[in-house]
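Below, each chain spelled out in residue letters.
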Amino acid sequence: MPRPTTLSVDLAALSHNAAVTRRFAGNSKILASVKANAYGHGIIPCSEVLSQSVDGFAVAFCEEAVGLRQHNIALPLLVLEGPFDRADVEAIKEHDLMMTLHSHHQIDLLEKAGYQYTTPLWIKVDTGMHRLGFSPAEAPQVIKRLRQLGADSMILMSHYADGENPSSTVTLNQQQAWQALTASMASESSVANSAAIINTLATPTDWVRPGIMLYGAQHTDKGTAKSLTPVMSFKSAVMALRQVPEGETVGYGGRWRATRDSLIATVPVGYGDGYPRGAEDGTPVWIQDGRFPLVGRVSMDMITVDVTDFPNCQLDTPVELWGKNLPVNEVARHCGTIGYELLTRLTGRVPMRFSD
Ligand SMILES: *Cc1c(COP(=O)(O)O)cnc(C)c1O
C-alpha cells in the first residue's frame, strides 16, 4: 500500500459554496479568488467547476491568469496586483485580462505600450489598509488620466484590512472613506472579500471578491456561514503504534514528556508536506472519529499523536489533519497562523484527489 497521505478536494462542496456565496452576494457579480493555486485546492479543476456559477476570477499576478487562459477558462479574469512590467502589459492585452492599477508607474507602462484597453480597468484606492493603491483624494485625477489614455470602463476597488471585525475602528474608518469615495463618483465599485461579504460590509457594489468562503474555511461558522462546507480534506492513516512509558519523551528535542504510560500513534505527514512545524503540543488531530492531541515536534515526514484514550487505535486507522471533521482554522490557532496559510503552503509531494 502506498503512503496514505493525500489531499481530497470535494468539487461538489465547492459548487455548493459558490451557490451559498451567490445568496450572500445579492445582485453583485462574483469574482472568485483562485490565486495561489485556488488556495491550494488546484486552480484548474476548481476554476472549471466555478466557471458554471461565478462571473469572473481574480488571481494575484499575470502568470496565474495566463495559465487559466491556456486551460480555456474564458470568464473575465482580474490580475489583482496589475502589471509589473511591459511584458505583463502585453500579456494582459493578448489574453484579454482585466488589471488592477495601484500606482502611477503602472499607468506609465500603459501609456508607453499605447494600447487601447477594452476590458474594464480596476482602480485600487487605499481606504486604510495602507498596502497598495491611490489615496481617495488622488482617485479623480487617476480616472482623468486613464480617460485621456482612451479607457472608458473603470471600476473603483478597495480592500478591508479587518473585515472579520465589523465594528473595529479600522473597519469603521475604511467604511466611511469608501462611502465618501463612491458617493462622489459614478464608476462601478468593488470592496468586499469573504469576511466583508459575511459581515455585510459590502453595501451594494457591482462586484464582490470572495476567496476563502468558497473553500469553506471562512473566519466564522455563525449564521448563514454555517452552510459553507470545507472543500479540502487533508488525510492520512496511522503507520505505527508504540507504548511510551511515563517519563520518556517523544520526538526531536524531547519537547513532550509522557506524564503517564502512553500509547503514541505515528502518522506519515510532516512539514515536508506542509503540515506546520510550528504546531504546538495539543494541536488537534482527528483520528477515526475524535480529536487527539499532537505530542512532540513535527518532523519532516511524520507526526506523533497521543492516543492513550483510544486504546482500540489500529494500524491504518484513518486520520484527518484538517477537513470536514476538523476545521483548518482550529488547527491554525494551535500553530500561530491562519487557515489561509495552512491551505496554501501544502507541498507538491502530497497527491491530490478530486471528487464530484
Ligand atoms: C485575496 C483577495 C480577496 C479574497 O479574499 P478572501 O479573504 O479570501 O475572501 C479579495 N480581494 C483582494 C484584493 C484580494 O487580494
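Notes on the structure follow.

Criteria and cut-off values
Counting restarts for each chain, with residues numbered from 1 along the sequence as it is written. Whole-chain, interface and lining totals are the exception, using all residues; otherwise, since this is a predicted model, local features are given only for residues with pLDDT of at least 70 and side-chain atom pairs are given and counted only at 80 or more. In computing side-chain values, all of the structure's heavy atoms are included and hydrogens and water are not. Pairing of aromatic side chains here covers Phe, Tyr and the six-membered ring of Trp, requires ring centres within 6.5 Å, and sorts the geometry by plane angle: under 30 degrees stacked, over 60 edge-to-face, intermediate tilted. Lysine and arginine charges are scored as sitting over a ring when NZ or CZ, respectively, is within 6 Å of the ring centre and within 35 degrees of the ring normal. In these notes, residues near a molecule or strand are those with any non-hydrogen atom within 4 Å of it. Here a polar contact is taken to be a pair of N or O atoms separated by no more than 3.5 Å, where protein atoms must pair a possible hydrogen donor with a possible acceptor and residues adjacent in sequence count only if both atoms sit in side chains. Every accessible area reported is derived by Shrake-Rupley at a probe size of 1.4 Å, with residue values counting cover from the shown protein chains alone. By the convention adopted, Pro, Cys, Tyr, Trp, Phe, Met, Ile, Leu, Val and Ala count as nonpolar, Lys, Arg, Asp and Glu as charged, and the other residues, Gly among them, as polar. Strands are runs of DSSP state E lasting at least two residues, helices are runs of H or I lasting at least four, and both sets are numbered from the N terminus onward. Buried, partly exposed and exposed residues are distinguished by accessible area as a fraction of the type maximum, computed with a 1.4 Å probe on protein chains only: under 20%, between the cut-offs, and over 50%, respectively. Note: the arc covers the axis-to-C-beta directions of the helix. Pairs of residues are marked as contacts when any of their non-hydrogen atoms sit within 4.5 Å. Fitted lines through C-alpha atoms serve as axes, helices being fitted only where they are in contact, and the angles separating the N-to-C directions of these axes extend from 0 to 180 degrees. Handedness of a crossing follows from how the near helix is turned relative to the far one, being left-handed for an anticlockwise turn of less than a right angle and right-handed for a clockwise one. Any two strands are treated as partners once DSSP identifies two or more bridges connecting them. When a carboxyl oxygen of Asp or Glu is within 4 Å of a side-chain nitrogen of Lys or Arg, the pair counts as a salt bridge.

### Concerning the packing of aromatic side chains
Link 1 in the chain: Overall, the coordinates contain seven aromatic pairs when judged by the stated rule.
Link 2 in the chain: Ring centres 6.0 Å apart and planes at 85 degrees place the aromatic pair Tyr 115 and Tyr 117 in the edge-to-face group.
Link 3 in the chain: Chaining the aromatic ring pairs together yields one cluster made of Tyr 39, Tyr 215 and Tyr 340.
Link 4 in the chain: In this arrangement the basic side chain of Lys 93 is found over the ring face of Tyr 117, its NZ or CZ atom lying 5.7 Å from the centre.

### Things to note about the site of the ligand
Link 1 in the chain: Lining the immediate surroundings of the ligand are 13 residues, of which Lys 35, Tyr 39, Ser 194, Ile 212 and Tyr 340 lie closest.
Link 2 in the chain: Between Tyr 39 and the ligand, the recorded distance is 2.6 Å, taken from a side-chain N or O atom to an oxygen atom.
Link 3 in the chain: For the ligand, a nitrogen atom lies 2.9 Å from a polar atom in the side chain of Arg 209.
Link 4 in the chain: In isolation the ligand has 390 Å² of accessible area, and contact with the protein removes 92% of it.
Link 5 in the chain: Residue composition of the shell around the ligand, by class: five nonpolar, five polar and three charged.

### Digging into unusual backbone geometry
Where the residue is not glycine, phi is negative for most of them; where a peptide bond is considered, it is trans in most cases.
Link 1 in the chain: Located in the positive-phi region is Asn 72, a residue other than glycine, with phi close to 65 degrees.
Link 2 in the chain: Among the secondary structure elements, Asn 72 is positioned in the loop between α4 (62-70) and β4 (77-79).
Link 3 in the chain: Positive phi outside glycine occurs at Asp 316, with the angle close to 75 degrees.
Link 4 in the chain: You can see Asp 316 is positioned in the loop between β17 (303-306) and β18 (318-322).

### Side note on helix α7 (residues 139-148)
Link 1 in the chain: Buried residues of α7: Ala 139, Val 142, Ile 143, Arg 145 and Leu 146, and no others. One side of α7 holds all its buried residues, which, seen down the axis, span an arc of 160 degrees. Those residues of α7 that are exposed and aimed more than 90 degrees away from the buried face are Gln 141, Lys 144, Arg 147 and Gln 148.
Link 2 in the chain: Residues of α7 that are buried sit in contact with β5 (98-101), α6 (104-113), β6 (121-124), β7 (154-157) and α8 (169-183).
Link 3 in the chain: Backbone geometry just downstream of α7 places Gly 150 in the positive-phi region, at approximately 100 degrees.

### Let's talk about the packing of helix α3 (residues 43-50) against α4
Link 1 in the chain: In the contact formed by α3 and α4, the axes pass within 10 Å of each other and the chain directions differ by 65 degrees. Relative to α4, α3 is oriented so that their crossing is right-handed. Residue-level contacts link Ile 43, Ile 44 and Ser 47 of α3 to Glu 64, Gly 67 and Leu 68 of α4.
Link 2 in the chain: Tallied by class, residues from the contact of α3 with α4 come to three nonpolar, two polar and one charged.

### Description of the sheet that holds strand β11 (residues 240-244)
Link 1 in the chain: Overall, antiparallel pairing links the three strands, which are arranged β11-β14-β17 in an open sheet. If you trace the sheet from one side to the other, it starts and ends with β11 and β17, each paired once. Across the sheet, the mean angle separating the axes of adjacent strands is 30 degrees when strand polarity is ignored.
Link 2 in the chain: Strand direction decides the pairing type here: strand β14 (residues 262-267) and β17, joined by four bridges, are antiparallel. Bridged to Ile 264 within β17 is Asp 306.

### Quick notes on the environment of Pro 293
Link 1 in the chain: Tracing the chain through its elements places Pro 293 in strand β16 (residues 290-293).
Link 2 in the chain: The class of Pro 293 is partly exposed, set by a relative accessible area of 30%.
Link 3 in the chain: It is 5.7 Å that separates the C-alpha atoms of Pro 293 and Val 305, two residues lying 12 residues apart in sequence.
Link 4 in the chain: When neighbours within four sequence positions are excluded, Pro 293 is seen to be in contact with Gly 282, Thr 283, Val 305 and Asp 306.

### A short note on the pattern of salt bridges
Link 1 in the chain: According to the stated counting rule, one finds 13 salt bridges in the structure shown.
Link 2 in the chain: When the shortest N-O distance is used, the salt bridge between Glu 90 and Arg 86 registers 2.8 Å. Taken together, the residues span about one helical turn, with Glu 90 and Arg 86 both in helix α5 (residues 86-94) at a distance of four residues.
Link 3 in the chain: Its relative accessible area of 33% is what places Glu 90 among the partly exposed residues.
Link 4 in the chain: Given a relative accessible area of 38%, Arg 86 falls into the partly exposed group.
Link 5 in the chain: Arg 145 is the partner of Asp 108 in a salt bridge, and the nearest nitrogen-oxygen pair spans 2.6 Å. Of this pair, Asp 108 sits in helix α6 while Arg 145 sits in helix α7, and the two are 37 residues apart along the sequence.
Link 6 in the chain: Taken together, the shared-partner salt bridges connect Arg 3, Asp 273, Asp 301 and Arg 349 into one network.

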